[in-house]
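Listed here are the chains, written in short residue letters.
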Amino acid sequence: MRERGFIEAARGLGLSTTHIIGKELLPSMAPYIAMNMLIAVTGAVYAQVGLFFLGVLPYESDNWGVMLNLAVFQAGAMITPTALGYLLAPLLAILLLTLGIVLVVDAMDEIFNPRLREE
């Protein structure tokens, strides 16, 4: 990015490095930073839920992984249709969290990407 024309023009105008980073470089990098945030947050949520579901981490608190573990191994959600709600509730919560993060990143992309802005 430092070889782009607008960065060279900003350097030619004598603008400070913090101004170039804050006003010129960061707005064009924001969608990439947001997408990496999406991948990191969803990966962390999936990893935590997976570790608690497998029983690798202790059951110190209630979270979605513990709920899934109890639904599958104690309530029999895979074989009993009446216990299916115990399985679907944490799965739906994970789905809604992921959807919310994706929508926030999409909104950030529309805010920071000048090509997507409406006139």
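Our structure is the block above this text.
Conventions adopted
Residues numbered from 1 in each chain as written. Predicted model: local features only at pLDDT ≥ 70, side-chain atom pairs only at ≥ 80, totals over all residues. Heavy atoms only, no water. Buried < 20%, exposed > 50% of the residue type's maximum accessible area, 1.4 Å probe, protein only. Helix = DSSP H or I, 4+ residues; strand = E, 2+ residues; numbered from the N terminus. Polar contact = N/O pair within 3.5 Å; in protein donor to acceptor, adjacent residues only side chain to side chain. Axes fitted to C-alpha atoms, helices over the stretch in contact; angles between N-to-C directions. Parallel < 35°, antiparallel > 145°, perpendicular 65-115°, else oblique. Contact = heavy atoms within 4.5 Å. Nonpolar A, V, L, I, M, F, W, Y, C, P; charged D, E, K, R; others polar. Expected span 1.5 Å × (residues − 1).

Enquirer: Looking at this structure, how should I read helix α3 (residues 64-73)?
Expert: Given 3.6 residues per helical turn, the α-helix brings residues three or four places apart onto the same face. Gly65, Val66, Leu68, Asn69, Ala71 and Val72 are the residues of α3 that are buried. A distance of 3.0 Å separates the backbone nitrogen of Gly65 from a side-chain oxygen at the start of α3, and that oxygen is part of Asn63.

Enquirer: Honestly, the packing of helix α1 (residues 5-12) against helix α2 (residues 17-54) in this entry has me stumped. Any pointers?
Expert: Pairs of packed helices are described in terms of their axes, by the angle between the two and the distance that separates them. Relative to each other, α1 and α2 sit at 175°, their axes nearing to 11 Å. As far as their axial angle goes, α2 and α1 are roughly antiparallel. Within the contact between the two elements, α1 uses Phe6, Ile7, Ala10 and Arg11 and α2 uses Ile20, Glu24, Leu25 and Ser28. Among the residues making up the contact of α1 with α2, the classes are represented as 5 nonpolar, 1 polar and 2 charged.

Enquirer: Would you mind showing me how to read helix α4 (residues 84-112) here?
Expert: Between its first and last C-alpha, α4 extends 42 Å over 29 residues, near the 42 Å set by a 1.5 Å rise per residue. Taken together, the buried residues of α4 touch α2 and α3.

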